[in-house]
Amino acid sequence: MTRRYSSSAVAITAVLALCAAIVAFPRLGDRTGPYGSPAGERTTLVDGGDLLGVSVTFYVDHLSAVMLLLAAGVGLMVQVYSVAYLAGDPRYRSYTTIIQLFLVAMGTVVVADNLWLLLVGWEVMGLCSYLLISHHWELAPARAGAVKAFLLTRVGDLGLLVGIFAIGHTFGTYEISEVLAAMASSDAPAGLTAIGLLIVVAVVGKSAQFPLHTWLADAMPGPTPISALIHAATMVAAGVFLVARLYPVMAESAVTMTVLAVVACVTMLLAALLALTSGDLKRVLAWSTVSQLAYMFAALAVGGYDAGIDHLLSHGAFKALLFLVAGSVAHVIGSTALRDMGGLRGAMPWTFATGTIGFAALAGVVPTVGFFSKDAVLESAWHAVGHESPVSAGVAAVVLAVGLVTAAVTVVYAFRAWWMTFMGGDGATVTGAGAARAQALREAPPLMVGPLVLLAAATLLLSLAMPFDLLMGLVTTLVVAGAGWLAYQALAAGRDPADLIGPARPAFTRELGWDVGYDGAGVAAREAGDLVVATDRDVIGFYPRAVAWLSVLLSRVLTRTQTGNAQIYVTVLAVGVLLATLLVVVR
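Residues numbered from 1 in each chain as written. Predicted model: local features only at pLDDT ≥ 70, side-chain atom pairs only at ≥ 80, totals over all residues. Heavy atoms only, no water.

Caption draft 1: Focus on the overall build of the protein chain. The helix and strand tally for the protein chain stands at 24 helices and 2 strands. Its C-alpha atoms give the protein chain principal-axis dimensions of roughly 120 × 70 × 55 Å. A total of 587 residues make up the protein chain; the buried ones form 52% of that total. In the protein chain, of all internal contacts separated by at least 6 residues, the share reaching a separation of at least 24 is 79%. (Helix = DSSP H or I, 4+ residues; strand = E, 2+ residues; numbered from the N terminus. Buried < 20%, exposed > 50% of the residue type's maximum accessible area, 1.4 Å probe, protein only. Contact = heavy atoms within 4.5 Å.)

Here it is as structure tokens:
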């Protein structure tokens, strides 16, 4: 990698970010609500007319603007960070090019007005994620993780494809702005449950929600900056964006929103427990992403549209920060295993300070942005209990209860990961045989520290734009304080806070063996396929084969009569005439 090429890669990404900012800033003042007539700006480059309803049309509103700025900002930070992180990497050029394509694909998804154009960007993101996760393709885990991500997200993509057909059939258009306008009219179509459930299938795959949640953690063999990009600003965020973009269509069906709420509740708590028991820093953050995405879906399900989008923006800042912090630590000690960390606060003061801000935001500690955005999610669930919402009061109460429990678990695993990385842990890098190595530890290069500082600043400053509810703030502060105290007491006593879940810990450490279930489903599907093939071959196929066999047999019999000997032909003819005469005489 040459300095000239790395500068060019950063410059191109900066130009993309500038273009995104130029498009986004004028629309930041638009109305943010999901209902009513579309308030954004629509631009048509190619009008497909009646040709399958496909056109190149863009629609930019407040939601698109926020997503553009998030993707462009994190993408630029990742490119700058990667200059030092991947210094000397032989595939750096392809890596930066794919990142730029990734950002363009995400931009296409968030500004596309035509659903088919959105699908193009959606699929290109899937391809880019496969290529970036398998960047170190010489490593078996990287290849396996990339294939797993590609296949599981394709399951969800099938739901999106069928859903697009259903939307076109129902609304007579594939333009999102026209669909939203139709939903805002007095004669909006009803009975949209099937469309809503298909969209839920799509986002479950893309955003790694239960039961397709395992691919995101297995994507960790990819370069850490890519984890920041996928987890914070592009791939998984696209699922939340899709629900928000088609929110009036989704919210029309109580069944759809109830299913989304149930999926979110199961996912947020399950992923938090998996993060609590993980022994790898990147996997902790990966499961944390799955859990936080579930918070966003939960907010949308109970009617907290603004809360879901605010948490998406908040999470994009602090999760990108945390992954880049993990990358800085791995860059220095050569491992992301928590057992290899401990006592790094002195050797890496900038990483420690910014990482502390990131983990505080994840745990929801005031005054970080995570405190305000998570409170908004929980407050929206509380509001839905006593007011009209897309789901019943009972479902909203379950969302609130699970959200509070998950918030407590999040505090524990965030504190555990922070402590084992920077404060205590097993101390392998600072004591005993690792003492000499510890003396050689130093802070990450400036090109890696710079993005950390900027993202940490964003994690604090974005709080100024977040709403605040005093009652919920007091409740969550008590939750944070109580759970943090439990985690500290466990660590001070030399125990792992993961032991707080008791006998269930081994099962969660094995991640519940969910991949075994996938394997079993694959075996069952293969056996079912073999049965279908056998049925087609031995039952259905028997009849045409029997006809063919009978035809061949008859043709062979007839062939024996065609000898080419004239005497035989005359003899047969004479015998035939004699038999015919005999029959006539007898009758």
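Caption draft 2: Geometry of helix H6 (residues 176-184). Those residues of H6 not exposed but buried are Ile176, Ser177, Val179, Leu180 and Met183. The arc that holds the buried residues of H6, viewed along the axis, is 160°, so those residues lie on one side. The inward-facing, buried residues of H6 contact strand S1 (41-46), strand S2 (56-60), helix H4 (115-133), helix H5 (140-171), helix H10 (237-245) and helix H11 (247-251). (Arc of directions from axis to C-beta.)

Caption draft 3: Highlighting the packing of helix H16 (residues 369-386) against helix H20 (residues 470-492). Contact pair H16 / H20: the axes reach a minimum separation of 9 Å and the direction vectors enclose 115°. It follows that H16 is roughly perpendicular to H20 by the angle criterion. Note on packing geometry: the crossing formed by H16 with H20 is right-handed. In contact with Phe371, Asp375, Leu378, Glu379 and Trp382 of H16, H20 contributes Met472, Gly473, Thr476 and Thr477. Counted by class, the contact of H16 with H20 contains 4 nonpolar, 3 polar and 2 charged residues. (Axes fitted to C-alpha atoms, helices over the stretch in contact; angles between N-to-C directions. Parallel < 35°, antiparallel > 145°, perpendicular 65-115°, else oblique. Left-handed = near helix turned anticlockwise from the far one by under 90°. Nonpolar A, V, L, I, M, F, W, Y, C, P; charged D, E, K, R; others polar.)

Caption draft 4: Representation of the packing of aromatic side chains. One pass over the full model with this rule turns up 16 aromatic pairs. Ring plane angle 35° and centroid distance 6.2 Å describe the contact between phenylalanine 371 and phenylalanine 468, whose orientation is recorded as tilted. With a gap of 97 residues between them, phenylalanine 371 in helix H16 and phenylalanine 468 in the loop between helix H19 (446-461) and H20 connect regions that are remote in the sequence. Aromatic ring contacts, followed pair by pair, group Phe352, Phe415, Trp418, Trp419, Phe422, Trp485 and Tyr488 into a single cluster. A cation over a ring is seen here: arginine 154 above phenylalanine 150, with NZ or CZ 4.4 Å from the ring centre. (Phe/Tyr/Trp six-rings, centres within 6.5 Å; stacked < 30°, edge-to-face > 60°. Lys NZ or Arg CZ within 6 Å of the ring centre and 35° of its normal.)

Caption draft 5: Structural view of the confidence of the model for the protein chain. On average, residues of the protein chain carry a pLDDT of 87, and 94% of them reach 70 or more. Across the protein chain, the secondary-structure element scoring lowest on mean pLDDT is helix H18 (residues 435-439), at 49, and the one scoring highest is helix H12 (residues 254-277), at 95. Every residue in residues 425-437 is under pLDDT 50, and counting partners more than four places away or in other chains gives 24 contacts. (pLDDT = per-residue confidence, 0-100.)

Caption draft 6: Up close: the nonpolar core. Leu160, Leu242 and Phe359 are the most contacted members of the largest nonpolar core, which has 183 residues in total. Every residue in contact with leucine 160, bar those within four places of it in the chain, is listed here: Leu118, Leu119, Trp122, Leu198, Ile199, Ala202 and Leu242. (Core = buried A, V, L, I, M, F, W, Y, C linked by side-chain atoms within 4.5 Å.)

Caption draft 7: Focus on the pattern of salt bridges. Enumeration according to the criterion identifies 12 salt bridges in this entry. With a closest N to O distance of 2.6 Å, glutamate 138 and arginine 91 form a salt bridge. Taken together, the residues glutamate 138 in the loop between H4 and H5 and arginine 91 in the loop between helix H2 (62-85) and helix H3 (92-111) connect sequence positions 47 residues apart. Under the relative-accessibility criterion, glutamate 138 is labelled partly exposed at 43%. When the shortest N-O distance is used, the salt bridge between arginine 505 and aspartate 499 registers 2.6 Å. By relative accessible area, arginine 505 is classed as buried at 19%. Here the residues in one salt-bridge network are Arg42, Asp113, Glu175 and Glu178, joined through shared partners. (Salt bridge = Lys/Arg side-chain N within 4 Å of Asp/Glu carboxyl O.)

Caption draft 8: Examining a nonpolar patch on the surface more closely. A cluster of nonpolar side chains, Leu127, Tyr130, Leu131, Val147, Phe150 and Leu151, forms an exposed patch at the surface whose accessible area comes to about 470 Å². Tracing the backbone shows leucine 127 in helix H4. Owing to a relative accessible area of 41%, leucine 127 belongs among the partly exposed residues under this scheme. (Patch = residues over 30% accessible without salt bridge, like charges linked within 9 Å, V, L, I, M, F, W, Y side chains within 5 Å. Areas by Shrake-Rupley, 256 points an atom, 1.4 Å probe, with all protein chains shown as cover.)

Caption draft 9: Region of interest: the environment of proline 26. Note that proline 26 resides in the loop between helix H1 (3-24) and S1. Looking at proline 26, the relative accessible area reads 55%, which means it is exposed. Sequence separation between proline 26 and valine 60 is 34 residues; the distance between their C-alpha atoms is 9.6 Å.

Caption draft 10: Geometry of the side chain of threonine 289. Structurally, the position occupied by threonine 289 is in helix H13 (residues 281-301). Taking relative accessible area as the criterion, threonine 289 reaches 0% and is therefore assigned buried. Not counting the four nearest positions on each side in its chain, threonine 289 is found in contact with Leu216, His231, Val236, His315, Lys319 and Phe323.

Caption draft 11: Seen up close, the packing of H13 against helix H14 (residues 305-333). The contact between H13 and H14 brings their axes to 8 Å, and the two run at 175°. Judged by the inter-axis angle, H13 sits roughly antiparallel to H14. Contacts between H13 and H14 involve Leu281, Lys282, Leu285, Ala286, Ser288, Thr289, Gln292, Tyr295, Met296, Ala299 and Leu300 on the former and, on the latter, Tyr305, Ala307, Gly308, His311, Leu312, His315, Lys319, Leu322, Phe323 and Ala326.

Caption draft 12: Representation of unusual backbone geometry. Cis geometry is found at the peptide bond from phenylalanine 210 to proline 211, where omega equals 10°. Among the secondary structure elements, proline 211 is positioned in the loop between helix H7 (193-206) and helix H8 (214-217). Residue proline 367 is reached from valine 366 by a cis peptide bond, and omega for that bond is 10°. Structurally, the position occupied by proline 367 is in the loop between helix H15 (349-363) and H16. Phi angles above zero are rare outside glycine, and alanine 208 is one such case at about 55°. Tracing the backbone shows alanine 208 in the loop between H7 and H8. Exposure remark for alanine 208: the relative accessible area of 0% places this residue in the buried category.

Caption draft 13: View of the side chain of serine 134. For serine 134, the position within the fold is in the loop between H4 and H5. Residues contacting serine 134, with those up to four places away along its chain left out, are Ala142 and Ala146.

Caption draft 14: Just the state of the cysteines, in detail. As enumerated under the stated definition, the model contains 0 disulfides in all. Cysteine cysteine 19 shares no disulfide, and the gap to the nearest cysteine sulfur, in cysteine 128, comes to 18 Å. Overall, the relative accessible area of 41% leaves cysteine 19 in the partly exposed class. (Disulfide = S-S within 2.5 Å.)

Caption draft 15: Structural detail: the environment of leucine 362. Inspection of the secondary structure puts leucine 362 in helix H15. Counting along the chain gives 51 residues from leucine 362 to tyrosine 413, while the straight-line C-alpha distance between them is 9.7 Å. Residues within four places of leucine 362 in sequence aside, it is in contact with Ser288, Gln292, Phe318, Leu322, Lys374, Thr410, Tyr413 and Ala414.

Caption draft 16: Broad picture of the environment of alanine 458. In this structure, alanine 458 sits in helix H19. Once the C-alpha coordinates of alanine 458 and threonine 368 are considered, the two residues, 90 residues apart in sequence, prove to be 9.4 Å apart.

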